[in-house]
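# Inside the fold
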Amino acid sequence: MHRREIPLTLLVLMFLGASEETCTSRLHITAVEGEPFYLKYCSSSSERENKTAIIKWYKNESHGPLELSSSSSPRIILLDYVLEFWPVHLNDSGSYSIRMGNDMHDWKLNVIRRPKHSCFTEKQVMSKSVEVKKSLQVACEHSYYQKLVNRTLLYKNCEKIENNQNPFLKKNAEFKDQGYYTCMFFLLHNGKLFNVTKTFNITIVGGKDVQLNCSALLNEKDVIYWNIWKKNGKDPNVHEEEGTRIRTSEGKWLASKILRIEKVNENNLNFSYNCTAASEGGIDTKSFILLKKEDPVDIPGHIFTRGMIVAVLISVVIVCLVTVGAIYRVDLVLFYRHFLGRDETLTDGKTYDAFVSYLKECRPENGEEHTFAVEILPRVLEKHFGYKLCIFERDVVPGRAVVDEIHSLIEKSRRLIIVLSKSYMANEVRYELESGLHEALVERKIKIILIEFTPVGDFTFLPQSLKLLKSHRVLKWQADKSLSYNSRFWKNLLYLMPAKAVKPYRDEAEVLPVFAQP
């Protein structure tokens, strides 16, 4: 006898558990005009045992409670603990009660207008958080009207999801999937077609730990709390932190309470974490549901290794190119000039490519210096590389004022080449240097090239203003290494000279005459 009663008892408990999911537990309810709506009261065990109690429904009017019956309106149906509206209208807003003997339960119903430019209302949206790249599921099922559903459509941001034969969305979540998903159920009742909507606000999040923040504007005695208990107890990784309250200027309290879920696992998924705000006027609940996503695919080890090798090789090549460019900068610039045939002397209106300043006294101790200035430089730069130099002894017209003539020739030159020696700063060449510095520093029309013909060591005898020039560079003449046209000395000198398209003479010797040793 007892063995037969056990399955029956389990069946009843299972039925009651499933039925309680459709109960209307909130005291303040919002409905949308034009949609079917219901109020369902879940009675206690003692009330169910009292089979003699008469169930009555009332709408509380200003003049007193008005008993409802099936004859009150063709839109209203009474099914014991359930009050149905087919559909609900704006004038159905108000306070409703169910009485069972001496027991009574009340609701406050607020019917709002259907939005003209949206397929859902914000007050009836349920929120869900989904981790990126994990499973996003939207199941269009209605716990109360499912048996009456004729057809179901799924919308995202009020746009129909095409090629969706089954009203069920399942995919790996991406950030672009975030939005409002609306299930529209079409119900067939008494030969008429009605529709009910159910909307989810899907938020795509990343990370393994989740924090759910619940906030509300409350009065002083109101409370806010999380409902996180399951049938088998609370999950050990779910923690409800202490709440905060901030008093506003209107006398209200802005309350906030965080639910922290550490290392989300399977037990935390597809479970409704309810945040409830309880006040004297009723209870309001907001639900959060965590959905599962698939694990991201790791990059294979061999692909990662190859990528690192390629990155290192590219870095090495770049370093090598920068190093080679720094070492062979002069050669690269000269090749670039020759390849493009650049000539920057065509439109500046100047006559000479360089004015050569040197010690004019041809004494025995200065003989090599004089020969270098008046013979070697013109032979290489003019005859071999096609430049035009201004040499004092050759190009200055006799009989004119020397100072004015030198100043005029420097103005007509693009460079000032100074052949330095310990005896250079004699009175007769000092003006050449000062005039060139004026053109370089003040007029900015000339660049200075310094050639250290003999070791000087100390350059303090030169004017301090020469140090202000960024373009000057000291080239050292070494007779044993600088004779060849391809030597580093002549390449550096050509680098500092203006770019000019030239054709070297083929009958010139590739090696300059060697100075006789004293």
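Cut-offs used in this document
- Residues numbered from 1 in each chain as written.
- Predicted model: local features only at pLDDT ≥ 70, side-chain atom pairs only at ≥ 80, totals over all residues.
- Heavy atoms only, no water.
- Helix = DSSP H or I, 4+ residues; strand = E, 2+ residues; numbered from the N terminus.
- Buried < 20%, exposed > 50% of the residue type's maximum accessible area, 1.4 Å probe, protein only.
- Areas by Shrake-Rupley, 256 points an atom, 1.4 Å probe, with all protein chains shown as cover.
- Pairing = 2+ DSSP bridges.
- Axes fitted to C-alpha atoms, helices over the stretch in contact; angles between N-to-C directions.
- Arc of directions from axis to C-beta.
- Lys, Arg positive; Asp, Glu negative; His and termini not counted.
- Salt bridge = Lys/Arg side-chain N within 4 Å of Asp/Glu carboxyl O.
- Contact = heavy atoms within 4.5 Å.
- Disulfide = S-S within 2.5 Å.
- UniProt positions renumbered as here; feature names shortened; annotations may be inferred.
- Phe/Tyr/Trp six-rings, centres within 6.5 Å; stacked < 30°, edge-to-face > 60°.
- Polar contact = N/O pair within 3.5 Å; in protein donor to acceptor, adjacent residues only side chain to side chain.
- 1 Å grid on protein atoms, 1.4 Å probe; cavity = no way out; pocket = protein on both sides within 12 Å on 5 of 7 lines; lining within 4 Å.
- Points joined across faces, edges and corners; volume = space filled by probe spheres on them.

## Examining the overall build of the chain
When helices and strands are counted, the chain shows 9 helices and 27 strands. Looking at the chain residue by residue over its 518 residues, the buried ones come to 39%. Split by element, the accessible area of the chain, about 31600 Å² in all, is 54% carbon and sulfur.

## Thoughts on the sheet that holds strand S2 (residues 37-40)
The sheet built from 3 strands is open, its strands ordered S2-S6-S5 with antiparallel pairing. Each having just a single partner strand, S2 and strand S5 (76-79) make up the two edges of the open sheet. Here the strands of the sheet are splayed against their neighbours by 15 degrees on average, with no regard to which way each runs. The pairing of S5 with strand S6 (residues 82-85) spans 4 bridges and is antiparallel. Counted as the bridge partner of Leu79 is Val82 from S6.

## Points about unusual backbone geometry
A negative phi angle is the norm for most residues apart from glycine, just as the trans form is the norm for most peptide bonds. Note the cis peptide between Trp86 and Pro87, where omega equals -15 degrees. Assignment of secondary structure puts Pro87 in the loop between S6 and strand S7 (94-100). For Asp80, which is not glycine, the phi dihedral falls at a positive 55 degrees. Within the secondary structure, Asp80 sits in the loop between S5 and S6. Since its relative accessible area comes to 55%, Asp80 is described here as exposed. Phi angles above zero are rare outside glycine, and Asn190 is one such case at about 50 degrees. Residue placement: Asn190 occurs in the loop between strand S14 (179-189) and strand S15 (192-205). Taking the relative accessible area as the measure of exposure, Asn190 reaches 68% and is therefore exposed.

## A look at helix H7 (residues 402-411)
Of all the residues in H7, the buried ones are Glu405, Ile406, Leu409 and Ile410. Down the axis of H7, the sector holding all buried residues measures 130 degrees, keeping them to one side.

## Concerning the side chain of Lys128
Position of Lys128 relative to the elements: it lies in strand S9 (residues 125-131). For the buried Lys128, no salt bridge exists, and the shortest N-O distance to an oppositely charged side chain is 9.9 Å, to Glu141. Not counting chain neighbours up to four residues away, the residues in contact with Lys128 comprise Gln137, Phe200, Asn201, Ile202, Thr203, Ile289 and Leu291.

## Some words on the state of the cysteines
Taken as a whole and judged by the stated rule, the model has 4 disulfides. Shown here is the disulfide that connects Cys23 with Cys42, its sulfur atoms set 1.1 Å apart. Placement of the pair is Cys23 in the loop between helix H1 (2-20) and strand S1 (28-32) and Cys42 in the loop between S2 and helix H2 (45-49), with a sequence separation of 19 residues. The class of Cys42 is partly exposed, set by a relative accessible area of 30%. Paired through a disulfide, Cys119 and Cys158 show a sulfur-sulfur distance of 2.3 Å. In this structure the cystine formed by Cys119 and Cys158 twists about its S-S bond by roughly -95 degrees; its chirality is therefore left-handed. Here the residue Cys119 occupies a position in the loop between strand S8 (103-112) and S9, and Cys158 occupies one in the loop between strand S11 (149-156) and strand S12 (159-160), the gap between them amounting to 39 residues. If you count the bonded cysteines of the chain from the N-terminus, they pair up as 1-2, 3-5, 4-6, 7-8.

## What to know about the UniProt feature "transmembrane region" (unreviewed entry) in the chain
The positions UniProt marks with the feature "transmembrane region" (unreviewed entry) are residues 308-328. When the span residues 308-328 is considered, its composition is 95% helix and 0% strand, and the gap between its end C-alpha atoms is 30 Å.

## What about the sheet that holds strand S4 (residues 64-68)?
Spatial ordering of the open sheet is given by S1-S8-S7-S3-S4, a layout of 5 strands whose pairing is mixed. The strands lining the two open edges of the sheet, one partner per strand, are S1 and S4. Taken over all neighbouring pairs, the strand axes of this sheet differ in orientation by 35 degrees on average, direction set aside. The pairing of S7 with S8 spans 7 bridges and is antiparallel. Looking at the pairing, Gly94 lines up with Leu109 of S8.

## Structural notes on the packing of aromatic side chains
One pass over the full model with this rule turns up 20 aromatic pairs. Centre to centre, the rings of Phe37 and Phe85 are 6.2 Å apart; their planes meet at 35 degrees, and the pair counts as tilted. Highlighted residues: Phe37 in strand S2 and Phe85 in strand S6, separated in sequence by 48 residues. On the basis of relative accessibility, which here comes to 12%, the residue Phe37 falls in the buried class. With a centroid separation of 5.0 Å and 85 degrees between ring planes, the pair formed by Tyr144 and Tyr145 is classed as edge-to-face.

## Focus on the environment of Ser95
For Ser95, the position within the fold is in strand S7. Once the C-alpha coordinates of Ser95 and His28 are considered, the two residues, 67 residues apart in sequence, prove to be 9.4 Å apart. Separated by 3.5 Å, the side chain of Ser95 and the backbone oxygen of Trp107 make a polar contact.

## Comments concerning empty space enclosed by the protein
Tallied over the full model, the rule gives 1 cavity of 30 Å³ or more. Estimates place the volume of the largest cavity at around 40 Å³. As for the largest cavity, its lining consists of Val32, Glu35, Arg114, Pro115, Cys119, Phe120, Thr121, Gln124 and Thr197.

## Some points on the pattern of salt bridges
Per the counting criterion, the structure on display carries 16 salt bridges. The shortest N-O distance in the salt bridge between Glu240 and Lys257 comes to 3.4 Å. Remark: Lys257 occurs in strand S20 (residues 253-261) and Glu240 occurs in strand S18 (residues 238-240); sequence separation between them is 17 residues. On the basis of relative accessible area, Glu240 is assigned to the partly exposed category, the value being 32%. A salt bridge links Arg488 to Asp331; the shortest N-O distance between them is 3.1 Å. You can see Arg488 sitting in helix H9 (residues 488-496) and its partner Asp331 sitting in helix H4 (residues 329-340), a full 157 residues away along the chain. Ionic contacts of the salt-bridge type, sharing partners, join the residues Asp348, Asp353, Arg414 and Lys500 into one network.

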